[in-house]
Amino acid sequence: MVKASSAERDASCDAIEGISPVIEAEVKVRVDDPERVLAALRERAPGEEAVYRDMYYDLPDRSLTAQGRELRVRVIERDGSERVVFTYKAPAVDEETGSKPEHETRAQSAQALDAILTGLGYEHLVALTKHCTNFPLTTATGRECLATVVTVPELEGTFIEVETLVEETNLSEGLSAVRGVLADLGIGEDAFTTEQYTDAVLARRSPRWPSVRLDGTR
């Protein structure tokens, strides 16, 4: 069983800042009954709504994507305010869940980051928007997790991401805790998916999709 976390933490995909990467031990599922799951989560913690506006970057030869690496600038809109987060994710260390080591830090300006990255030769890979409701939870063993209910306007259905931040030596323990949270919510492993939002959104768009700015406008 999980309960509401007493620790305040940021929305999904916001990692601990520092030199050594942490691993985002995460499982993503597609749910057919989001209202039931939302009700179950609200019994454990108040939901915190946020909108993420993400821009992903790659080199012209798409080598980052080919290697399973991610470079992202995220603008988080929550409670009338904005914050910018810059993230690099290394290739997955767990094929079953796609969990990745990551470095992340806050930034002052998404536009400045965009100018720096494009000036260095990176290109816009894809921009997408996620509408999220975040539920900070603590497991019975004291591990802090975050459950996030996600919809992406261009994609059908509702997703739930459950994550916890771990060092690589504790990956198995972290994934076990995440699976436990999903089991408490009545979600089985048959609902698990490793498909990335970026791939799904690109697949829905024509090869020459319109440019989208970091503020979400075209």
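Residues numbered from 1 in each chain as written. Predicted model: local features only at pLDDT ≥ 70, side-chain atom pairs only at ≥ 80, totals over all residues. Heavy atoms only, no water.

A.B. asks: Teacher, can you tell me more about the overall build of the protein here?
C.D. replies: Scanning the protein from terminus to terminus reveals five helices and ten strands. In the protein, 67% of the contacts between residues at least 6 apart in sequence involve partners at least 24 apart. (Helix = DSSP H or I, 4+ residues; strand = E, 2+ residues; numbered from the N terminus. Contact = heavy atoms within 4.5 Å.)

A.B. asks: Explain the nonpolar core to me, please; I cannot follow it from the model alone.
C.D. replies: One broad trend across soluble globular proteins is that nonpolar side chains are buried collectively. Counting 27 residues, the largest nonpolar core has Val29, Leu41, Phe135, Ile160, Val162 and Ile187 as the members making the most contacts within it. The leading source of residues in this core is helix α4 (residues 171-184), at six residues. Setting aside residues up to four positions removed in sequence, Phe135 forms contacts with Leu38, Leu41, Arg42, Ala45, Pro46, Gly47, Cys145, Leu146, Ala147 and Val149. Tyr56, Leu125, Leu128 and Cys132 belong to the second largest nonpolar core, which has 16 residues in total. (Core = buried A, V, L, I, M, F, W, Y, C linked by side-chain atoms within 4.5 Å. Buried < 20%, exposed > 50% of the residue type's maximum accessible area, 1.4 Å probe, protein only.)

A.B. asks: Would you mind going over the side chain of Arg143 with me for this structure?
C.D. replies: Mapped onto the fold, Arg143 is located in the loop between β7 (123-139) and β8 (144-151). Side chain to side chain, Arg143 and Thr164 meet in a polar contact 3.3 Å long. (Polar contact = N/O pair within 3.5 Å; in protein donor to acceptor, adjacent residues only side chain to side chain.)

A.B. asks: How should I be thinking about unusual backbone geometry in this particular structure?
C.D. replies: The phi angle of most residues is negative, glycine excepted, and most peptide bonds adopt the trans form. You will see that Arg62, though not glycine, has its phi angle at about 60 degrees, which is positive. As for its position among the elements, Arg62 is in the loop between β3 (48-58) and α2 (63-66). Despite not being glycine, Asp79 shows a phi value in the positive range, around 55 degrees. By the secondary structure assignment, Asp79 is in the loop between β4 (70-78) and β5 (81-89). Residue Asp79 is classed as exposed on the basis of its relative accessible area, which comes to 76%.

A.B. asks: How do you make sense of the confidence of the model for the protein when you look at a structure like this?
C.D. replies: Atom-level detail of predicted coordinates should not be read off regions where pLDDT is low. In this model, the protein carries an average pLDDT of 87, and 84% of its residues clear a pLDDT of 70 or more. Per-element confidence in the protein is highest for helix α3 (residues 110-119), whose mean pLDDT is 98, and lowest for strand β1 (residues 2-4), whose mean pLDDT is 48. Counting contacts from residues 3-18, a segment whose pLDDT is below 50, to residues more than four positions away or on other chains yields 63 contacts. (pLDDT = per-residue confidence, 0-100.)

A.B. asks: How should I be thinking about α4 in this particular structure?
C.D. replies: The α-helix advances 3.6 residues per turn, and as a result positions three or four apart in sequence lie on the same side. In this model α4 runs 20 Å from its N-terminal to its C-terminal C-alpha over 14 residues, within 8% of the 20 Å that 1.5 Å per residue would give. Every buried residue of α4 is listed here: Leu171, Gly174, Leu175, Ala177, Val178, Val181 and Leu182. One side of α4 holds all its buried residues, which, seen down the axis, span an arc of 155 degrees. In α4, the exposed residues that point more than 90 degrees away from the buried face are Ser172 and Ala183. (Expected span 1.5 Å × (residues − 1). Arc of directions from axis to C-beta.)

A.B. asks: What am I meant to see in the pattern of salt bridges here?
C.D. replies: A pair can form between side chains of opposite charge whenever their charged atoms are brought close. The final tally for this structure, using the stated rule, is 13 salt bridges. Across the pair Glu96 and Arg179 runs a salt bridge, and its minimum N-O distance is 3.4 Å. With a gap of 83 residues between them, Glu96 in the loop between β5 and β6 (100-107) and Arg179 in helix α4 connect regions that are remote in the sequence. We note a salt bridge from Glu161 to Lys130, for which the minimum N-O separation is 3.2 Å. Here Glu161 is found in strand β9 (residues 158-166), whereas its partner Lys130 is found in strand β7, with 31 residues between them in sequence. The residues Glu161 and Lys130 share a single accessibility class, namely buried. In the salt-bridge network here, residues are joined through shared partners; they are Glu24, Lys89 and Glu102. (Salt bridge = Lys/Arg side-chain N within 4 Å of Asp/Glu carboxyl O.)

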